[in-house]
Amino acid sequence: MVLTLPAHPDHVTDRLHTSGLLAELAHGLGGPFHYLLPDRFDSNLAAFRTALDDAGVEGRVYYAKKANKARVLIDRCATAGAGVDVASLGELREALGHGVRGEDLVVTGPAKAESLLRVAAQQGALIAVDALDELDRVLTLGLPRPPRVLLRVHPAAQPNSRFGLGEEDLDEAMRSCAEADGRVRTEGFGFHLSGYDVQQRADLAGELVELCLKARVLGLQTDRISIGGGFAVDYVPADAWTRFLDRQHPGDYHAGKEFTAGDFYPYHSPVAGAEALRGVLAARPARSGPTLAERLREAAVMLLLEPGRALLDRAGASVFTVQGVKDREGYGIVTVDGTSLSLSEQWFNSEYLPDPRLLPAHPGRPHPGRPHDGRPHDGAPYRASIAGASCLDSDLLTWRKIAFPSRPQAGDLLVYPNTAGYQMDSNESPFHELPLPPKVVIDHPGAAARPRWRLDH
């Protein structure tokens, strides 16, 4: 049985893909490219804010910039008054340069360089302190106004995490902040938690609320907590995802490559995006008693969150041009004009699983009928893996043998759907001096028969 993993239907991108614009962009740009739909980013941001409002919780949404480097997204944050989560001096400067106010930035990441700490403090950004030595560096900056900090807590639920302060270090950090004689403004606590478990995130958030109350006894401000990101995206339908996990095996991949279910991102999630936030707020941290939303209101604690992927759901795609097709026994290998470095799931020895869409250069063309066992017969699909243009055997954008409706040909386009979250540019490299795929911004794609576009800058 041929396994497929189609992305959820999207009438906006369907119209875009049949408009002819993508073929013109591929020709004009001379290589692969990514397109962005910033209206979708705006809608996702609004949905998170509505979830906070509906729960009666004071909160702030910070876009995790690492999820996509596009400048247009920072412009949108500045326009909407949203925050931005940055983890390097370059990201901080980029955000400031596009109009985000310093006080709307939160600076995360481990072991921050002193140059980053200094600029962040000067600009009034909120700094997530991850270790005692980092706190010492903050306390000795000697700036006119006290730096704003969150103390990041090591999650007991994930004892192998390298992030956060353990119990003893956390107690010492709170004492140091209380004794700092106004040299630091301790606004609250945060955590870095991997995974998408709603109850686990609510449980730890409840613990941070109690920490805020404890720290206030020491004279600290502690009126906010950060629960980070970890809001899943639902890429594919539930039945297709379950069928795929149950039936995928090495024969479905080039070279018999083996994957286990744990190697993959959970491409189907029954509770995703802003609905996952609603779930966190409605959960009861102690499995009984008040919900997290009620506890936040009672304790007068603000909720900060730093979604990345979830703000980028359905906000872009990646487009490659087919350069050639090689027939193998039972399947083919399609080579495109980019590399696997432009789909960063390969960084994790995994696959980006939603099926790419084939856009033929000449719709309605007859099948060439090359004599090999993998070609379509009587409407059967043509199965092919997708390789990059480098000289590395491991350069495959997709190891899985995708079921195409016809045999791809040179000049056709392959569109990987919903790649704006982490896939587009986390692992890019100009290997072989191939240019990095540019980003194309398409505003209001459904507003006209012929969408307008511009380069991200």
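Structure's up top.
Read on for an overview of the structure. Fair warning: this is a prediction, and the values are worked out from it, not measured in the lab.

1. Overview of the overall build of the protein chain
For step 1, the next point in the chain: Each helix and strand in the protein chain was counted, giving 12 helices and 17 strands.
For step 2, the next point in the chain: Over its C-alpha trace the protein chain gives a radius of gyration of 24 Å, about what one expects of a compact globule, namely 23 Å for 457 residues.
For step 3, the next point in the chain: Reported as C-alpha extents along the three principal axes, the dimensions of the protein chain are approximately 80 × 45 × 40 Å.
For step 4, the next point in the chain: When the 457 residues of the protein chain are sorted by exposure, 53% land in the buried category.
For step 5, the next point in the chain: By element, 50% of the accessible surface of the protein chain is carried by carbon and sulfur atoms, the whole surface being about 19400 Å².

2. Observations concerning the environment of Pro356
For step 1, the next point in the chain: Locating Pro356 in the fold gives a position in the loop between strand 11 (331-336) and strand 12 (357-359).
For step 2, the next point in the chain: Not counting residues up to four positions away in its chain, the partners in contact with Pro356 are Ile386, Ile402, Phe404, Val415, Tyr416 and Pro417.

3. Some words on the packing of aromatic side chains
For step 1, the next point in the chain: Evaluated as defined, the whole model comprises 14 aromatic pairs.
For step 2, the next point in the chain: Aromatic ring contacts, followed pair by pair, group Tyr196, Tyr235, Trp241, Phe244, Tyr253, Phe259, Phe264, Tyr265, Tyr267 and Tyr352 into a single cluster.
For step 3, the next point in the chain: Here Arg60 stacks its cationic end above the ring of Tyr62, 5.5 Å away from the centre of that ring.
For step 4, the next point in the chain: Taking the ring centre of Trp399 as reference, the NZ or CZ of Lys257 above it sits at 4.6 Å.

4. Description of the sheet that holds strand 7 (residues 185-191)
For step 1, the next point in the chain: Sheet architecture is closed into a barrel: 8 strands sit in the order 2-3-4-5-6-7-8-9, paired in parallel fashion. Geometrically, the sheet is characterised by an average inter-axis angle of 25° between neighbouring strands, direction not taken into account.
For step 2, the next point in the chain: Two elements, strand 6 (residues 148-153) and strand 7, share 6 bridges in a ladder whose sense is parallel. Residue Val149 lies in a different strand from strand 7, and its bridge partner there is Thr186.
For step 3, the next point in the chain: Packing against the sheet, helix 8 (residues 167-178) makes contact with strand 6 and strand 7, and its axis sits at approximately 165° to strand 6.

5. Describing a negative patch on the surface
For step 1, the next point in the chain: On the surface, Asp136, Glu167, Glu168, Asp169 and Glu172 cluster together into a patch of negative charge.
For step 2, the next point in the chain: When residues of the negative patch are assigned to their parent elements, the largest contribution, 4 residues, is made by helix 8.
For step 3, the next point in the chain: With respect to the secondary-structure elements, Asp169 resides in helix 8.
For step 4, the next point in the chain: Asp169 sits in the partly exposed class, given a relative accessible area of 34%.

6. Structural notes on the pairing of strand 1 (residues 33-36)
For step 1, the next point in the chain: Covered by surrounding structure in strand 1 are Phe33 and Tyr35 together with His34 and Leu36, the residues of both alternating faces.
For step 2, the next point in the chain: Alignment of strand 1 against strand 10 (residues 316-328), held across 4 bridges, turns out to be antiparallel. Pairing of Tyr35 across the sheet is with Ala317, part of strand 10.
For step 3, the next point in the chain: Where strand 1 and strand 16 (residues 439-442) come together, 3 bridges link them in parallel fashion. Looking across to strand 16, one finds that His34 is bridged to Lys439.

7. Topic: unusual backbone geometry
For step 1, the next point in the chain: Of note, the phi angle at Ala300 is positive, near 55°, even though the residue is not glycine.
For step 2, the next point in the chain: If you trace the backbone, Ala300 turns up in the loop between helix 12 (292-299) and strand 9 (302-305).
For step 3, the next point in the chain: Even without being glycine, Arg314 reaches a positive phi, approximately 65°.
For step 4, the next point in the chain: Its place among the elements puts Arg314 in the loop between strand 9 and strand 10.
For step 5, the next point in the chain: Under the relative-accessibility criterion, Arg314 is labelled partly exposed at 37%.

8. Here's the deal with the pattern of salt bridges
For step 1, the next point in the chain: In the structure shown here, the tally under the stated rule is 30 salt bridges.
For step 2, the next point in the chain: The salt bridge partner of Arg287 is Asp203, with a shortest N-O separation of 2.4 Å. Here the residue Arg287 occupies a position in the loop between helix 11 (273-282) and helix 12, and Asp203 occupies one in helix 9 (residues 198-217), the gap between them amounting to 84 residues.
For step 3, the next point in the chain: Look at Arg287 and you get exposed, because its relative accessible area is 57%.
For step 4, the next point in the chain: Of the charged contacts in the structure, one is a salt bridge between Arg295 and Glu210, with a shortest N-O distance of 2.9 Å. In this pair, Arg295 is assigned in helix 12 and Glu210 in helix 9, connecting sequence segments 85 residues apart.
For step 5, the next point in the chain: Owing to a relative accessible area of 19%, Arg295 belongs among the buried residues under this scheme.
For step 6, the next point in the chain: Relative accessible area serves as the criterion here: at 40%, Glu210 is assigned to the partly exposed category.

9. A word on the side chain of Glu134
For step 1, the next point in the chain: When you line up the elements, Glu134 lands in helix 7 (residues 132-139).
For step 2, the next point in the chain: A distance of 3.4 Å separates a polar atom in the side chain of Glu134 from the backbone nitrogen of Ala111.
For step 3, the next point in the chain: Side-chain polar atoms of Glu134 contact the side chain of Lys112, separated by 2.8 Å.

10. A look at the nonpolar core
For step 1, the next point in the chain: By size, the foremost hydrophobic cluster in this structure holds 83 residues, and its most contacted members are Phe189, Ile225 and Leu303.
For step 2, the next point in the chain: The leading source of residues in this core is helix 9, at 8 residues.
For step 3, the next point in the chain: Within the second largest apolar cluster, 35 residues are counted, among which are Tyr265, Tyr331, Tyr352 and Leu358.

11. Description of the packing of helix 9 against helix 11
For step 1, the next point in the chain: In the contact formed by helix 9 and helix 11, the axes pass within 8 Å of each other and the chain directions differ by 50°. As far as their axial angle goes, helix 11 and helix 9 are oblique. Considering how the two elements wind past one another, helix 9 and helix 11 form a crossing that is right-handed. Together, Val198, Arg201 and Ala202 of helix 9 and Ala276, Gly279 and Val280 of helix 11 make up the contact between the two elements.
For step 2, the next point in the chain: Across the contact of helix 9 with helix 11, the residue classes tally to 4 nonpolar, 1 polar and 1 charged.

Thresholds applied
- Residues numbered from 1 in each chain as written.
- Predicted model: local features only at pLDDT ≥ 70, side-chain atom pairs only at ≥ 80, totals over all residues.
- Heavy atoms only, no water.
- Helix = DSSP H or I, 4+ residues; strand = E, 2+ residues; numbered from the N terminus.
- Rg over C-alpha atoms; globule rule 2.2 N^0.38 Å.
- Buried < 20%, exposed > 50% of the residue type's maximum accessible area, 1.4 Å probe, protein only.
- Areas by Shrake-Rupley, 256 points an atom, 1.4 Å probe, with all protein chains shown as cover.
- Contact = heavy atoms within 4.5 Å.
- Phe/Tyr/Trp six-rings, centres within 6.5 Å; stacked < 30°, edge-to-face > 60°.
- Lys NZ or Arg CZ within 6 Å of the ring centre and 35° of its normal.
- Pairing = 2+ DSSP bridges.
- Axes fitted to C-alpha atoms, helices over the stretch in contact; angles between N-to-C directions.
- Patch = residues over 30% accessible without salt bridge, like charges linked within 9 Å, V, L, I, M, F, W, Y side chains within 5 Å.
- Salt bridge = Lys/Arg side-chain N within 4 Å of Asp/Glu carboxyl O.
- Lys, Arg positive; Asp, Glu negative; His and termini not counted.
- Charge placed at Lys NZ, Arg CZ, Asp CG, Glu CD.
- Polar contact = N/O pair within 3.5 Å; in protein donor to acceptor, adjacent residues only side chain to side chain.
- Core = buried A, V, L, I, M, F, W, Y, C linked by side-chain atoms within 4.5 Å.
- Parallel < 35°, antiparallel > 145°, perpendicular 65-115°, else oblique.
- Left-handed = near helix turned anticlockwise from the far one by under 90°.
- Nonpolar A, V, L, I, M, F, W, Y, C, P; charged D, E, K, R; others polar.

These figures come from the coordinates and say nothing about function on their own.
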